[in-house]
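# Inside the fold
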Amino acid sequence: MRLGPATVGILALSLSLLPMAVLAQEAGVSGSPLPDQPYTLFYPDVMATSGEPGGPLTINHPTLPLQCVLTVVPVDDSGWTAEGALAALDAAAVATGWSDTFPGFTLGASSVTSYQSNPALQYEGTSTGSDQGGPITLVHTETVNAGNGYTLDCFYATEMAAEARPIVDSIIANFSTEQDAQPVVTP
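Residues numbered from 1 in each chain as written. Predicted model: local features only at pLDDT ≥ 70, side-chain atom pairs only at ≥ 80, totals over all residues. Heavy atoms only, no water.

### Focus: the pattern of salt bridges
Between side chains of opposite charge, a pair can form as their charged atoms come close. Applying the stated criterion across every chain yields a total of 2 salt bridges. A salt bridge links Arg 165 to Asp 169, with the shortest nitrogen-to-oxygen separation between them at 2.8 Å. A residue pair is termed a helical-turn pair when its members lie 3 or 4 positions apart in one helix, as Arg 165 and Asp 169 do in helix 4 (residues 161–174) at 4 residues. On the basis of relative accessibility, which here comes to 18%, the residue Arg 165 falls in the buried class. Of the residues examined, Asp 169 reaches a relative accessible area of 37% and is grouped as partly exposed. Ionic contacts of the salt-bridge type, sharing partners, join the residues Glu 124, Arg 165 and Asp 169 into one network. (Salt bridge = Lys/Arg side-chain N within 4 Å of Asp/Glu carboxyl O. Helix = DSSP H or I, 4+ residues; strand = E, 2+ residues; numbered from the N terminus. Buried < 20%, exposed > 50% of the residue type's maximum accessible area, 1.4 Å probe, protein only.)

### A look at helix 3 (residues 91–99)
Every buried residue belonging to helix 3 is among Val 94, Ala 95, Gly 97 and Trp 98, and all of these are buried. Take helix 3 and look down its axis: the buried residues cluster within an arc of 165°, on one side only. The exposed set on the far side of helix 3, more than 90 degrees from its buried face, consists of Ala 92 and Thr 96. Of the surrounding secondary structure, the elements contacted by the buried residues of helix 3 are strand 6 (106–114), strand 7 (119–126), strand 8 (136–145) and strand 9 (148–157). (Arc of directions from axis to C-beta. Contact = heavy atoms within 4.5 Å.)

Spelled out as structure tokens, the structure:
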């Protein structure tokens, strides 16, 4: 399970054109409007959200080249585990899948990470860049919980990693597959 690369295409590639920003001190929060797809997503309050109930939720930083996309879909895989997903990760297929969106995509580190609520598969990679901008870094996470599959993909201009990566790490650490979670790490 993963978010299709084509769904983030041009918008993600244009991220490298945005200027740098000062990090936010306050947290914004979004929760699922659907009781059968619970989640709580914490992010810096300067980030803007967009999306429709039942569809992906996108958060964009207004001045830092950073975007995250959360997708929740029903799944029937009750035996899924983050450890099993890591063991079965096909690096070549992942790289090929993201290459249409991120030219020259190369898979980097992969591991099991922790959302606030449960373990998740995490992998990251970078593109070589394109005519529309420089290299982009992708941090992909996914988990399955209570009949739902959750993917949280964050993209940022690789050159802005020092500013963007701490925000991404905080968003991931604070994500919960529960509806009324409280933040555990201040973004």
